[in-house]
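# A structural walkthrough
Here is how the chains run, residue by residue.
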Amino acid sequence: MRKILGMAALLCAAVLAGCSGGGEGGQAAAGEDAITVGFSQVGAESEWRTANTRSVKEALVAPDFTLRFSDAQQKQENQIKALRSFIAQGVDVIAFSPVVETGWDTVLREAKAANIPVVLTDRAVNVSDDALYATLIGSDFVEEGRRAARWVIEDSQGKDGPIRIVELQGTVGSAPANDRMRGFKEVIDGDSRFEIVRSQSGDFTRARGKEVMEAFLKAEGDGIDVLFAHNDDMAIGAIQAIEEAGRKPGTDIRIVSIDGVRGAFEAMKAGKLNATVECNPLLGPQLADLIREVHAGREVPKRVMVEEGVFTQDQADAELPNRKY
Ligand code: AHR
């Protein structure tokens, strides 16, 4: 009897996993008119990404949606394969967060030829014809870079130059890395006290952020005043490297990063991170609305922005309980 019950439980689990498409467990059955969405995610490189995936999976559920979810493990080739497979399956709408900006023209043309509308989430693409996608919902990364630089300038009031900055970039060729670098430089270049002495990619991960910061510290010794990290995860990795080098993160080296994830608020509370610029990953509900509109053939804005702020150490304690990611 126990054996039979065990097998039945296994069977149920397998059926539920298959139904979810996102691998999140059981849900209501998809309705007759459910929109089938193929979603290709960048990967699981950061706290931000985990929250973003959760938000998408929670929003694209039955009975309105059937979700086919694919994780590209930060590789463009995997994303292109996933998009081709969605096209072959004849999904209703494709949504994806592109790992990098370039190299999408061919596969997006294939989607267009198959009459499958494409919604970009979080990151932009650089294509020859903007009609290859319906809309993009995501943050203004250039403005995030500017906000980080404005914080550095405000934090350096009364200090003489040279103020030496190191920069941990996100994934090479990705929209957030390109745009945050541009926005930061645009503002910081206006103040002659600042010099960006090193700038290298840490691929948006804690492990790479730590490794690259170790190399920066080796090369620059005590000559680093400020760290600008393109995301909180790399900043948290770098904080570890700074401590291991016998320096005080947040004090000896002032640190600003981007995202505003819970880990950043904890680091700010501990006095190790000075500020974080918010980048909201909870795009799922807005994405679901956009997909509904696009699928119904209605006009949608080409660009949908997300509202965000900047948080500093003195706000960390009060804000931490309110954080949803
Ligand atoms: O595209 C958004 C960026 O990607 C986030 O800032 C980063 O944490 C993520 O990996």
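Every chain is numbered independently, its residues counted from 1 as its sequence is written. Only residues with pLDDT of at least 70 are given local features in this predicted model, and only at 80 or more are side-chain atom pairs given and counted; all residues enter the totals for whole chains, interfaces and linings. Note: side-chain values were computed over all heavy atoms of the structure, leaving out hydrogens and water.

As annotated in an unreviewed UniProt entry, the protein chain carries the name ABC transporter substrate-binding protein and comes from Luteimonas kalidii. A UniProt comment under Sequence similarities (unreviewed entry) is attached to the protein chain, and it reads "Belongs to the bacterial solute-binding protein 2 family." UniProt positions are given in the numbering used here, feature names are shortened, and annotations may be inferred rather than shown by experiment. A UniProt comment under Subcellular location (unreviewed entry) is attached to the protein chain, and it reads "Cell envelope".

## Some words on the packing of helix α7 (residues 206-220) against helix α8 (residues 232-244)
Put simply, α7 and α8 touch, their axes get as near as 7 Å, and they point 45° apart. With respect to α8, the element α7 is oriented oblique. Of the two possible hands of crossing, α7 and α8 adopt the one that is right-handed. Touching R206, G209, K210, M213, E214 and L217 of α7 are D233, M234, I236, G237, A238, Q240, A241, I242 and E244, all from α8. Every axis in this analysis is a line fitted to C-alpha atoms, fitted for helices over the stretch in contact. Angles between the N-to-C directions lie between 0 and 180 degrees. Where helices and strands are cited, they refer to DSSP runs of H or I of at least four residues and of E of at least two residues respectively, numbered from the N terminus. When describing relative orientation, an angle under 35 degrees is termed roughly parallel and one over 145 degrees roughly antiparallel, while 65 to 115 degrees is termed roughly perpendicular and anything else oblique. Should the near helix be turned anticlockwise from the far one by less than a right angle, the crossing is left-handed, and should it be turned clockwise, the crossing is right-handed. Two residues form a contact once any of their heavy atoms are found within 4.5 Å.

## Structural notes on the domain arrangement of the protein chain
The source of the domain bounds is an automatic or database domain assignment. For the protein chain, the assigned domains read domain 1 (27-139 + 281-307) and domain 2 (141-279). Placing a centre on the C-alpha atoms of domain 1 and another on those of domain 2 gives a separation of 30 Å. Residue-level contacts link 14 residues of domain 1 with 21 residues of domain 2. Values labelled buried area give the accessible surface lost by two parts on being combined, using a 1.4 Å probe and summing over both. Contact between domain 1 and domain 2 buries roughly 1300 Å² in total, counting both sides, with carbon and sulfur atoms accounting for 48%. Throughout this description, the term salt bridge denotes a Lys or Arg side-chain nitrogen within 4 Å of a carboxyl oxygen of Asp or Glu. For the pair domain 1 and domain 2, the interface holds one salt bridge. Of the charged contacts, one joins E47 and R206 as a salt bridge, the two residues approaching to 2.9 Å between their closest N and O atoms. For the side of domain 1 that touches domain 2, the per-class residue count stands at five nonpolar, three polar and six charged. Each residue is assigned to one class: nonpolar for Ala, Val, Leu, Ile, Met, Phe, Trp, Tyr, Cys and Pro, charged for Asp, Glu, Lys and Arg, and polar for all the others, Gly among them.

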